Amino acid sequence: MRSLFRVWALAILVCVGLGLACSRGALDHGAGWTHSYSYDTVWIAEFNAALRQGHFPPRWLDGAMAGFGASSFYFYPPLAFYAAALVGAVLPAGAHPGL
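Starting from 1, residues in each chain are numbered consecutively following that chain's sequence as written. Residues qualify for local features only when their pLDDT is at least 70, as the model is predicted, and side-chain atom pairs are given and counted only at 80 or more; totals for whole chains, interfaces and linings, by contrast, use all residues. For the side-chain quantities, the full set of heavy atoms in the structure was used; hydrogens and water were omitted.

K.L.:
Help me out: how do you make sense of the overall build of the protein in this one?
P.N.:
Looking only at helices and strands, one finds four helices and zero strands in the protein. In the protein, the succession of α and β elements from N to C terminus is α-α-α-α. Relative accessibility decides the category of a residue: with a 1.4 Å probe and only protein chains considered, values under 20% of the type maximum give buried, values over 50% give exposed, and everything between is partly exposed. Looking at the protein as a whole, 18% of its 99 residues are labelled buried. Residue pairs in contact within the protein that sit at least 24 positions apart in sequence constitute 43% of those at least 6 positions apart. For the area figures, the Shrake-Rupley method with a 1.4 Å probe applies, and any residue is considered shielded solely by the protein chains shown. On the protein, roughly 7700 Å² of surface is accessible, and the fraction owed to carbon and sulfur atoms is 70%. Labels follow the DSSP assignment, with helices taken as runs of H or I lasting at least four residues and strands as runs of E lasting at least two, numbered in each case from the N terminus. Any two residues whose heavy atoms approach within 4.5 Å are treated as being in contact.

K.L.:
Is there a simple way to think about helix α4 (residues 79–90) in this case?
P.N.:
Given 3.6 residues to a turn, an α-helix orients residues that are three or four positions apart in the same direction. Expected span of a helix, by definition, is 1.5 Å for each gap between consecutive residues, and there is one gap fewer than residues. In this model, α4 (twelve residues) spans 17 Å end to end at C-alpha, consistent with the 16 Å of a helix rising 1.5 Å per residue. Every buried residue of α4 is listed here: Phe 81, Ala 84, Ala 85 and Gly 88. All buried residues of α4 project into a common sector of 105 degrees when viewed along the axis, lining one side. Along α4, the residues that are exposed and aim more than 90 degrees away from the buried face are Leu 79, Leu 86, Ala 89 and Val 90. Turning to α4, the residues buried within the fold contact α3 (37–52). The arc in question is the one spanned by the directions pointing from the helix axis to the C-beta atoms.

K.L.:
Explanation requested: the nonpolar core in the structure shown.
P.N.:
Generally speaking, soluble globular proteins have nonpolar side chains that are buried together. Nonpolar cores are built from buried Ala, Val, Leu, Ile, Met, Phe, Trp, Tyr and Cys residues. Side-chain atoms within 4.5 Å join them into one set. Ranked by size, the top nonpolar core spans nine residues in total: Trp 43, Ile 44, Phe 47, Leu 61, Ala 64, Ala 70, Phe 73, Phe 81 and Ala 84. Sort the elements by how many residues they give to this core and α3 lands first, with three residues. Here Phe 47 is in contact with Pro 58, Leu 61, Phe 73, Pro 78, Phe 81 and Tyr 82, once residues within four sequence places are set aside.

K.L.:
Can you help me understand a nonpolar patch on the surface in this one?
P.N.:
A grouping of Leu 4, Trp 8, Ile 12, Val 16 and Leu 20 is seen on the molecular surface, where their side chains present a nonpolar patch of about 540 Å² in accessible area. Note on Trp 8: relative accessible area 56%, which makes it exposed. To count toward a patch, a residue needs a relative accessible area over 30% and no salt bridge; like charges are then connected within 9 Å, while nonpolar side chains (Val, Leu, Ile, Met, Phe, Trp, Tyr) are connected within 5 Å. A carboxyl oxygen of Asp or Glu within 4 Å of a side-chain nitrogen of Lys or Arg is what we treat as a salt bridge.

Set out below in structure tokens:
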């Protein structure tokens, strides 16, 4: 049983290490400006605001599309936005405009 724990711990450690190694460029220099960067930052901010208002799971983003709103999370998977919300909960307020 103890060796099984060690195998899983090593596997998780290797996966985390490979993930960090593969994303080193983005971690060092930032994600950069892509074709969807402005949408992603609005979605992160709106997703976090919906979570703070008690909407779980958030489906409708009130401030998206110039204030008209969007049903983005009926169609797009929200796992990355939950990760951003977790980071936003740890960082101090105003550390990043999207969080």
